[in-house]
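Structural characterization, general
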Amino acid sequence: MADVILKDVEKRYGDNSPVITGVNLEIRDREFMVLVGPSGCGKSTLLRMVAGLEEITAGTISIGDKVVNDVPPKDRDIAMVFQSYALYPHMSVRENLEFGLVLRRTPRAEIDRLVAEAAKILGLEEFLERRPKELSGGQRQRVALGRAIVRKPSVFLFDEPLSNLDAKLRVQMRAEIKKLQHRLGVTAIYVTHDQVEAMTMGNRIAVLNAGKIQQVGTPLEVYERPQNLFVANFIGTPPMNFIRATVADGGSLLEAKTFSLPSPAAARGALAGRRGKTIVVGIRPEDVVESGRSTRGATAPVELTADLVETLGDEVVVHGSRGEDEIAFKMDPHNPPAFGGKVAALVQIDRLHLFDADTEQRIAN
Ligand SMILES: Nc1ncnc2c1ncn2[C@@H]1O[C@H](COP(=O)(O)OP(=O)(O)O)[C@@H](O)[C@H]1O
Ligand SMILES: [Mg+2]
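Just so you know, these numbers come straight off a predicted model, no measurement behind them. (Residues numbered from 1 in each chain as written. Chains lettered and ligands numbered in written order. Predicted model: local features only at pLDDT ≥ 70, side-chain atom pairs only at ≥ 80, totals over all residues.)

The next subject is the domain arrangement of the protein chain. Considered domain by domain, the protein chain is made up of domain 1 (4-234) and domain 2 (241-356). The C-alpha centroid of domain 2 is placed 39 Å from the C-alpha centroid of domain 1. The residue inventory of the side of domain 1 that touches domain 2, partitioned by class, reads three nonpolar, one polar and no charged. (Domains from an automatic or database assignment. Nonpolar A, V, L, I, M, F, W, Y, C, P; charged D, E, K, R; others polar.)

Examined against the element boundaries, Ser154 turns out to sit in the loop between helix H4 (137-149) and strand S7 (155-159). Taking the number of C-beta atoms within 10 Å as the measure of exposure, Ser154 has 20 and is therefore buried. Along the sequence, Ser154 and Gly64 sit 90 residues apart, while their C-alpha atoms lie 8.8 Å from each other. (Helix = DSSP H or I, 4+ residues; strand = E, 2+ residues; numbered from the N terminus. Buried ≥ 20, exposed ≤ 12 C-beta atoms within 10 Å, placed from the backbone.)

The subject of this paragraph is the site of ligand 1. Every residue near ligand 1 is listed here: Tyr13, Val19, Gly37, Ser39, Gly40, Cys41, Gly42, Lys43, Ser44 and Thr45. A class-by-class count of the residues in the shell around ligand 1 yields three nonpolar, six polar and one charged. (Near = placed C-beta within 6 Å.)

So, on to the sheet that holds strand S15 (residues 288-290). Strands sit in the order S15-S19-S16-S17-S18 across an open sheet of five strands; the sheet is antiparallel. The strands lining the two open edges of the sheet, one partner per strand, are S15 and strand S18 (325-331). In this sheet, neighbouring strand axes are inclined to one another by 45° on average, regardless of whether the strands run parallel or antiparallel. (Pairing = 2+ DSSP bridges. Axes fitted to C-alpha atoms, helices over the stretch in contact; angles between N-to-C directions.)

Right, let's get into the pairing of S18. With respect to burial, S18 is a largely interior element, five of its seven residues being buried. One ladder, built from seven bridges, connects strand S17 (residues 316-322) with S18; its direction is antiparallel. Opposite Val316, over in S18, you have Met331 as the bridge partner. Hairpin geometry of S17 and S18 is characterised by an intervening segment of two residues between the two adjacent antiparallel strands and by a positive phi of about 60° at Gly323.

Okay, structure coming up:
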């Protein structure tokens, strides 16, 4: 068993204000947990504390039921893969793969077996005698993965391992890593700033901002019920639209600057107590459709001007507006509006996300 449990974890560098505060997170045995957040939010710091490369200022970290705060990295049963592959340039691929095992005095026959196995899994058999500089970026990243695999750790830690690869290779490697983790049955903590990577790879994702966990859940839970404005804005492309609106008509109407929407039936109770208050209405681009398309549940018509039309092949993204209110939405690619043209759109009311304008927290619905 290798659960990883973080309890009230805090990190300060010197006397500065903390860069990680009150982090509580349980990563289950064999789970693929993704820590996602913008650059500088503390992802690497958190991962390095799990690895033992960074001291923990307060709180505890346990791996497989054992508190590891004072356990050195080599005794934590983890292996870490970094963005900067960190390969030894003067060693061959084989020597790079063997290095950690030799240090641990693993018997030669065992080393050969582990290296052969990892090379086979990762398709590196032909490259074992090459130096890192004779490999492509993707192959180097495979060697870095191989070095983690041969150690047979119970926890894999990944710190943005694909950031140096081009877009196509990144998509390919992310599938490979996911399959590998599943096949090896290890627990994984994977750090990235890329929300698409987070959504596609994680069994669960933890969204981090400014050293605090904002939300933990399956990708779909986080996507469908973001708990605050930060998460709502961070997850999803194109991002969710945000419209400020006043709660009117006893809670049943949301009045934006240039149009009104009925409020979702499920939220009316919660809105009744907010009459006259400003809230933020979140609308996902796929929840606005051109009129005539099939919809589910209540809809409200809004006429929008198409300010920009982006063709993606399977759909077009239309950046629409109505006065100061802007709404991007997705349309069938075969019938796009002209720039500046009008679109009769339907907003799917039951899919609106509502947030308190002051606390930025989700309002129950
Ligand atoms: N060794 C250090 N000394 C002081 N501050 C640091 C150190 N390492 C990281 N930080 C600060 O901690 C914050 C989080 O950094 P980091 O964990 O690297 O973020 P991320 O990996 O999410 O980009 C940043 O504000 C960074 O400047
Ligand atoms: Mg980092």
